[in-house]
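Letter by letter, the chains look like this.
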Amino acid sequence: MNGHAKRTRSVFITLALAPAIILMTIFMLYPVLSVFQMSLFRWGGYSADKEFIGFANFVTLSKDMNFIRSMQNTILLIVLVTVVTLAFALVFAAILTRVKFLGVGLFRVIFYIPNILSIVVISAIFSAIYDPSQGLLNSVLRIFHASSWQGVQWLGNEKLVIFSVAFALIWQAIGYYMVMYMSAMASIPEDLYESASLDGASVLRQFFTITIPLTWNTIRTTLTFFVISTINLSFLLVTAMTGGGPNGSTEVFLSYMYKQANTNSAYGYGMAIGVVVFVFSFALSAILQAITKRDVYEF
Amino acid sequence: MTDTKSKGTKLYKLFVYFVLIALAIVIVVPIAWVFLASVKGNAEFYGNPWSWPKSFHWENFTSAWTTAGMGRYLGNSVFVTALSLVLLIIIALPASYVLARFRFFGQKFWNGFFMLGLFINANYIVVPIFLMLLDGDTKLQQLIGHPFFMNNLWVLSLVYASTALPFTIYLLSNYFRTLPASFEEAAYIDGAGYFTTFMKVMAPMARPSIITVILFNFLSFWNEYIMALTLIPGDNKTLPVGLLNLSAAQKSAQNYGQLYAGLVIVMLPTLILYIMVQKQLTKGMTVGGVKG
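Computed from a predicted model, the values in this text were never measured in an experiment.

About the criteria used
- Residues numbered from 1 in each chain as written.
- Chains lettered and ligands numbered in written order.
- Predicted model: local features only at pLDDT ≥ 70, side-chain atom pairs only at ≥ 80, totals over all residues.
- Heavy atoms only, no water.
- Helix = DSSP H or I, 4+ residues; strand = E, 2+ residues; numbered from the N terminus.
- Buried < 20%, exposed > 50% of the residue type's maximum accessible area, 1.4 Å probe, protein only.
- Contact = heavy atoms within 4.5 Å.
- Lys, Arg positive; Asp, Glu negative; His and termini not counted.
- Charge placed at Lys NZ, Arg CZ, Asp CG, Glu CD.
- Core = buried A, V, L, I, M, F, W, Y, C linked by side-chain atoms within 4.5 Å.
- Salt bridge = Lys/Arg side-chain N within 4 Å of Asp/Glu carboxyl O.
- Buried area = accessible area lost by both parts, 1.4 Å probe.
- Polar contact = N/O pair within 3.5 Å; in protein donor to acceptor, adjacent residues only side chain to side chain.
- Nonpolar A, V, L, I, M, F, W, Y, C, P; charged D, E, K, R; others polar.
- 1 Å grid on protein atoms, 1.4 Å probe; cavity = no way out; pocket = protein on both sides within 12 Å on 5 of 7 lines; lining within 4 Å.
- Points joined across faces, edges and corners; volume = space filled by probe spheres on them.
- UniProt positions renumbered as here; feature names shortened; annotations may be inferred.
- pLDDT = per-residue confidence, 0-100.
- Axes fitted to C-alpha atoms, helices over the stretch in contact; angles between N-to-C directions.
- Parallel < 35°, antiparallel > 145°, perpendicular 65-115°, else oblique.
- Left-handed = near helix turned anticlockwise from the far one by under 90°.
- Phe/Tyr/Trp six-rings, centres within 6.5 Å; stacked < 30°, edge-to-face > 60°.

Assigned secondary structure in chain A consists of 12 helices and two strands. Order of helices (α) and strands (β) in chain A, N terminus to C terminus: α-β-β-α-α-α-α-α-α-α-α-α-α-α. Based on the C-alpha atoms only, the size of chain A along its principal axes is roughly 80 × 75 × 35 Å. Going through the 299 residues of chain A one by one, you find that 54% of them count as buried. Considering only residue pairs separated by 6 or more positions, chain A has 67% of its internal contacts joining residues 24 or more positions apart. Within chain A, one finds 17 positive and 12 negative side-chain charges whose respective centroids are separated by 7 Å.

Right, let's get into the nonpolar core. If you look at the biggest cluster of nonpolar residues, it comprises 193 residues, and the most contacted ones within it are Phe111 and Tyr181 of chain A together with Met70 and Tyr260 of chain B. Per-element tally for this core: the top contributor is helix α7 (residues 161-185) of chain A, with 17 residues. Filtering out sequence-adjacent residues up to four positions away, methionine 70 of chain B remains in contact with Ala64, Trp65, Leu239, Gly242, Leu243, Leu246, Gly262, Ile265 and Val266 of chain B. Tyr193, Ala196, Ile210 and Leu214 of chain A belong to the second largest nonpolar core, which has six residues in total.

It is possible for side chains bearing opposite charge to pair when their charged atoms get close. All names here are of chain B. Counted under the stated rule, the structure contains five salt bridges over all chains. Glutamate 184 is paired through a salt bridge with arginine 101; the nearest N and O atoms lie 2.7 Å apart. Pair noted here: glutamate 184 is in helix α7 (residues 182-189) and arginine 101 is in helix α3 (residues 70-101), with a separation of 83 residues, a long-range link. The class of glutamate 184 is buried, set by a relative accessible area of 7%.

The subject of this paragraph is the interface of chain A and chain B. Of the residues lining the interface, 86 residues belong to chain A; the matching set on chain B comes to 83 residues. Overall, the association of chain A and chain B removes approximately 7800 Å² of surface from exposure, summing both partners, and the carbon and sulfur fraction of that is 80%. Three residues, Phe12, Phe27 and Ile116 of chain A, lead the burial of chain A against chain B; their summed loss comes to 10% of the area buried on that side. Here chain A is connected to chain B by zero salt bridges. Taken together, the links from chain A to chain B amount to nine residue pairs in polar contact (both at pLDDT 80 or more). With 23 residues, helix α1 (residues 3-38) of chain A is the largest single contributor of residues to the side of chain A that touches chain B. Class assignment of the residues belonging to the side of chain A that touches chain B gives a composition of 67 nonpolar, 16 polar and three charged.

Turning our attention to the environment of isoleucine 75 of chain A. Along the polypeptide, isoleucine 75 of chain A turns up in helix α3 (residues 65-98). Between the C-alpha atoms of isoleucine 75 of chain A and threonine 230 of chain A, which are 155 residues apart in sequence, the distance is 9.4 Å.

So, on to empty space enclosed by the protein. Residue and element names in this part refer to chain A. Inspection of the entire model under this criterion finds three cavities of 30 Å³ or more. For the largest cavity, the calculated volume is near 100 Å³. Surrounding the largest cavity, 12 residues form its lining, Gln172, Ala173, Tyr177, Ser229 and Leu233 being those nearest its centre. Elements that contribute at least two residues to the lining of the largest cavity include exactly α7 and α10 (216-241). For the lining of the largest cavity, the element with the highest residue contribution is α7, accounting for five residues. Here the residues of the lining of the largest cavity are counted per class, giving seven nonpolar, four polar and one charged.

The feature "transmembrane region" (unreviewed entry), as annotated in UniProt, sits at residues 12-36, 78-100, 112-133, 153-172, 209-232 and 259-277 of chain B in this numbering. Counted over residues 78-100 of chain B, helix gives 100% and strand 0%. Its end C-alpha atoms are 32 Å apart.

What follows is about the UniProt feature "transmembrane region" (unreviewed entry) in chain A. Residue and element names in this part refer to chain A. In the numbering adopted here, UniProt assigns the feature "transmembrane region" (unreviewed entry) to residues 12-33, 75-97, 109-130, 160-179, 223-246 and 266-288. Annotated as 95% helix and 0% strand, the span residues 160-179 places its first and last C-alpha atoms 30 Å apart. Along residues 223-246 the backbone is 79% helical and 0% strand, and the end-to-end C-alpha distance reaches 30 Å.

Attention now moves to the confidence of the model for chain A. Looking at chain A, the pLDDT average stands at 88 and 95% of residues meet or exceed 70. Here helix α6 (residues 136-144) of chain A stands out as the least confident element of chain A, with mean pLDDT 79; α3 of chain A is the most confident, with 93.

Each pair of packed helices gets described by two things: the angle between the helix axes and the distance between those axes. All names here are of chain A. Relative to each other, α1 and helix α12 (residues 267-291) sit at 110 degrees, their axes nearing to 7 Å. As far as their axial angle goes, α12 and α1 are roughly perpendicular. For the element pair α1 and α12, the recorded crossing hand is left-handed. Contacts between α1 and α12 pair Val35, Phe36 and Met38 from the former with Tyr267, Gly268, Met271, Val275 and Phe278 from the latter.

Turning our eyes to something else, we now look at the confidence of the model for chain B. All names here are of chain B. The predicted model of chain B has a mean per-residue pLDDT of 87, with 93% of residues at 70 or higher. Taking the mean pLDDT of every element in chain B, the minimum, 83, falls on helix α1 (residues 2-37) and the maximum, 95, on α3. Here residues 288-292 is a poorly scored stretch, pLDDT under 50, and it has 17 contacts once near neighbours within four places are set aside; other chains count.

Residues and elements named next belong to chain A. For the pair α3 and α10, interaxial distance at closest approach is 9 Å and the crossing angle is 135 degrees. Judged on the interaxial angle alone, α10 and α3 are oblique. Note on packing geometry: the crossing formed by α3 with α10 is right-handed. Of the residues in α10, those in contact with Thr74, Leu77, Ile78, Val81, Thr82, Thr85, Leu86 and Leu90 of α3 are Ile219, Leu223, Phe226, Val227, Thr230, Ile231 and Ser234. Across the contact of α3 with α10, the residue classes break down as 10 nonpolar, five polar and no charged.

With that out of the way, let us pick up the layout of surface pockets. In this approach the atoms are scanned with a rolling probe the size of a water molecule, which exposes any empty space left behind. By volume, the second largest pocket is sized at about 850 Å³. Looking at the second largest pocket, it is lined by 29 residues, and the ones nearest its centre are Arg98, Val99, Val203 and Leu204 of chain A together with Tyr12 of chain B.

The next thing to look at is the packing of aromatic side chains. All names here are of chain A. Applying the stated criterion across every chain yields a total of 42 aromatic pairs over all chains. Between phenylalanine 41 and phenylalanine 52, the ring centres sit 5.4 Å apart and the planes meet at 80 degrees, which makes this aromatic pair edge-to-face. In this pair, phenylalanine 41 sits in strand β1 (residues 41-42) while phenylalanine 52 sits in strand β2 (residues 51-52), placing the two residues 11 residues apart along the sequence. Classification of phenylalanine 52 as exposed rests on a relative accessible area of 55%. Taking the centre distance of 6.1 Å and the plane angle of 15 degrees together, the rings of phenylalanine 88 and phenylalanine 92 count as stacked. In this pair, phenylalanine 88 and phenylalanine 92 are both assigned in helix α3, four residues apart and thus about one turn of the helix distant.

This is the structure we're talking about:
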């Protein structure tokens, strides 16, 4: 390669990479760095003066009962959504891959629909479902027991509302994870199941001794997805549906961050929350990966 | 023996059908209900929610379209989604190609740079992006007398495209890595330069991956609301933000028909797209990516 050809090569490489690198630097790298930097400052927003206060924001945070509540809510949602969605998605995926009958394709198409809807749409749909007087849920429940279901406040009751949010998140997520598990299960060779049923193993036993161990790697990967997407989607859903209310009972990590920063203009404090959530999601994913490590079965 | 067994499997199948249909109902009924509700008159919302619409109130749609501004918001959403997709492909395609198929100084570093981006979710950086654009506008105000960055659909599209870059580059460069080197060698022998080889030979070959990228990002750009809500506080809203306003307004105005008509306007494009390409979407999904 002579000097000229070498130069055109580097010019091509530079031109191809530069726009992507510039955009990533402006809209991702710089904002991420400023999250960490701002978390060390006291900054009330409209005033230009930022005061460096070290880790004082984090100290305040550890005593902020509203933040601790948002943390409890987030953890509760992560646990509920992960356990219920995982169980349902695994069972439905196993059924749809294992049992051969008419309409399998149609069920698969239907179960995936919630995943393509905007969170704003899902929040509006569930507001209609949970409406105490004209809502779909209460009107169905009234069929079973007329008086005791009169006007249950699915979104107004402080004890109940977090479970209403969890149900909407699960409704949204089942199809997505089901399709994920289905593609992992489709690669399990059929003769494993055949020899198992010849040995008299029940469907349930086959599920636990063949299906689960052979999809373990996919299940592990999706655990990280559950953590990350529950943190994000609970924020989007809560902001659109309950606004964190009533009385902070559905406040989650990122909705509290957004409120502190955008509504309260406590930017430094808000970004300190962002840092904690960031570290939390990484740590939780790492812990989950470590404790679910098994010897991978081969087939 | 065989008799009881076949009876058992029959029962099992029946049970399985029952469970599948139950879940399908839980998913389909609320969505179908919204479609029915969108043509109901306002008075009908105070009775039984399961009643069939007495007559078709198509005026719900015209009022959502014009009075609530959903028509204009739809235009904005189409513009932002299309522009973001074009920007994303134009920027990500050459970068992925070079990262996958060239050896050069700093290649490992830039690969790692884009991979790290996979861990950054847009929700974490809404606030700093907002502050950055606000700051830029204050400076522009002093310099040229009017703001530019906030309330700008072009800037919003650029933000969308940028935050989608890491995953798109990951997907496309993985695809480019699977192609044999003989294609480029043949092109070079025919006298084609780097640029021609990329445009005429390699980019067209990436079509299946490009389609996957477009499908996923169409959905995420079309449905996105927190960035649009923060960066477009003015009138130029996108569809999901418009819907958010509509459902907030509905709580006091009790204009249910208009709200559900608005919901249908937001849902319909994604549902139509999904029905057309559902096979490709669920197949492409398994290559990775986490929603939100």
